[in-house]
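Each chain, written out:
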Amino acid sequence: MPKRYGVKEKDLVVAHVLDLLLTGRLRSGDRVDRNGIAATLGLSRVPVQEALVQLEHDGILETRYHRGAFVHRFDADVLREHHEVHGLLTGAVSARAATTPRPPVLEALDQTMAMMRGATSPRDYLESANLFRDIVVDEYAGPRLKAAVSASRSFMPQEFWATHPDAPAQLMPLAENEYAAICGRHPAAARQTCLDRTDLMADVLTLELRRRGVFAELDSV
């Protein structure tokens, strides 16, 4: 597999494991094949092990002594929980931005919003949306919160949203709401919009995973 420059090998492994989950090739209770992943990605076992440690920390995998790494319970409720955590964390940062919206930050966000509005593909939109989030997090999150946001982002399936044709139409209204809340100094609205965004993303992804047969039709009540 060709190297993707600028992307850490550990992150490639994390993305690969998440893809296995989201396509149903890994399911609850399955053992993770370290050697198979290393061979598939053309990597050593070191970044594979680093990724598995991160995924265990994030609650996606569990390590059993002398037996290896296994997939934790993975269903619609767990998927939603991961999204809720991400919404809570990004909402806290966005609320900070809305409390003290500094002019240089607003200018950078305005430019990013223009990129999002003009995006011609889901991938272009996603790259711009990620830039918006990076600006807010870099400016308003302290080291601990920044690390928590980064960890929570690991379960947001980038490739799914980069190829989902309705992503810009579904997510852009919420981006507009968050931007307006930050500009208008409305912390509660900024926080709520982040929760609304991740709730919508969980709905869309759950529906798709049920369509693919990864989740049972009535696996959540």
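Computed from a predicted model, the values in this text were never measured in an experiment. (Residues numbered from 1 in each chain as written. Predicted model: local features only at pLDDT ≥ 70, side-chain atom pairs only at ≥ 80, totals over all residues. Heavy atoms only, no water.)

A. Structural context of the overall build of the chain. Regarding its fold elements, the chain presents ten helices and two strands. Counting helices and strands in the order they occur from the N terminus, the chain gives α-α-α-β-β-α-α-α-α-α-α-α. Taking 221 residues into account, the globule formula puts the C-alpha radius of gyration at 17 Å, and the chain, at 18 Å, falls close to it. Overall, the chain is about 55 × 40 × 35 Å in size when its C-alpha atoms are taken along their principal axes. A buried classification covers 45% of the 221 residues belonging to the chain. Of the contacts made within the chain by residues no fewer than 6 positions apart, 74% connect residues no fewer than 24 positions apart. For the chain, the accessible surface area stands at approximately 11500 Å², while carbon and sulfur atoms represent 55% of it. Across the chain, the centroid of the 27 positively charged side chains sits 4 Å from that of the 30 negatively charged ones. (Helix = DSSP H or I, 4+ residues; strand = E, 2+ residues; numbered from the N terminus. Rg over C-alpha atoms; globule rule 2.2 N^0.38 Å. Buried < 20%, exposed > 50% of the residue type's maximum accessible area, 1.4 Å probe, protein only. Contact = heavy atoms within 4.5 Å. Areas by Shrake-Rupley, 256 points an atom, 1.4 Å probe, with all protein chains shown as cover. Lys, Arg positive; Asp, Glu negative; His and termini not counted. Charge placed at Lys NZ, Arg CZ, Asp CG, Glu CD.)

B. Highlighting the packing of aromatic side chains. Counted by the stated rule, this structure contains three aromatic pairs. Seen from the ring of F70, R64 lies directly overhead, with NZ or CZ sitting 4.0 Å from the centre. (Phe/Tyr/Trp six-rings, centres within 6.5 Å; stacked < 30°, edge-to-face > 60°. Lys NZ or Arg CZ within 6 Å of the ring centre and 35° of its normal.)

C. Just helix 10 (residues 187-212), in detail. Across its 26 residues, helix 10 extends 38 Å between first and last C-alpha, which sits within 8% of the 38 Å expected from 1.5 Å per residue. Within the sequence span of helix 10, burial applies to A190, T193, C194, R197, T198, M201, A202, V204, L205, T206, E208 and L209. If you follow the buried residues of helix 10, they end up packed against helix 1 (9-22), helix 4 (76-99), helix 6 (122-140), helix 8 (158-163) and helix 9 (167-183). Following helix 10 by one or two positions, G213 adopts a phi angle in the positive range, close to 85 degrees. (Expected span 1.5 Å × (residues − 1).)

D. Quick peek at the pairing of strand 1 (residues 61-64). For strand 1 and strand 2 (residues 68-71), the ladder comprises four bridges, and the chain directions are antiparallel. Its bridge partner being in strand 2, R64 is matched across the sheet by G68. Where strand 1 folds back on strand 2, the antiparallel hairpin that results is connected by three residues, among which H66 adopts a positive phi of roughly 65 degrees. (Pairing = 2+ DSSP bridges.)

E. Quick peek at the pattern of salt bridges. Evaluation of the coordinates by the stated rule reveals 14 salt bridges. A salt bridge links E62 to R64, with the nearest nitrogen and oxygen atoms 3.2 Å apart. Residue E62 is classed as partly exposed on the basis of its relative accessible area of 25%. Look at the salt bridges and you will find they share partners, linking R80, D199 and D203 into a network. (Salt bridge = Lys/Arg side-chain N within 4 Å of Asp/Glu carboxyl O.)

F. Seen up close, helix 2 (residues 34-41). For helix 2, the complete set of buried residues consists of R34, I37, A38 and L41. The buried side chains of helix 2 occupy one side of the element, clustering within an arc of 100 degrees when seen end-on. Elements that come into contact with the buried residues of helix 2 comprise helix 1, helix 3 (45-57) and strand 2. With a side-chain oxygen lying 3.3 Å from the backbone nitrogen of N35, the N-terminal cap of helix 2 falls on D33. In the segment just after helix 2, G42 is the residue with positive phi, at about 70 degrees. (Arc of directions from axis to C-beta. Polar contact = N/O pair within 3.5 Å; in protein donor to acceptor, adjacent residues only side chain to side chain.)

G. Representation of unusual backbone geometry within the structure. A positive phi angle, close to 60 degrees, is found at R185, a residue other than glycine. You can see R185 is positioned in the loop between helix 9 and helix 10.

H. Main features of the environment of A95. Tracing the backbone shows A95 in helix 4. Sequence-distant contacts of A95, defined by excluding residues within four places in its chain, comprise P187, A190 and R191.

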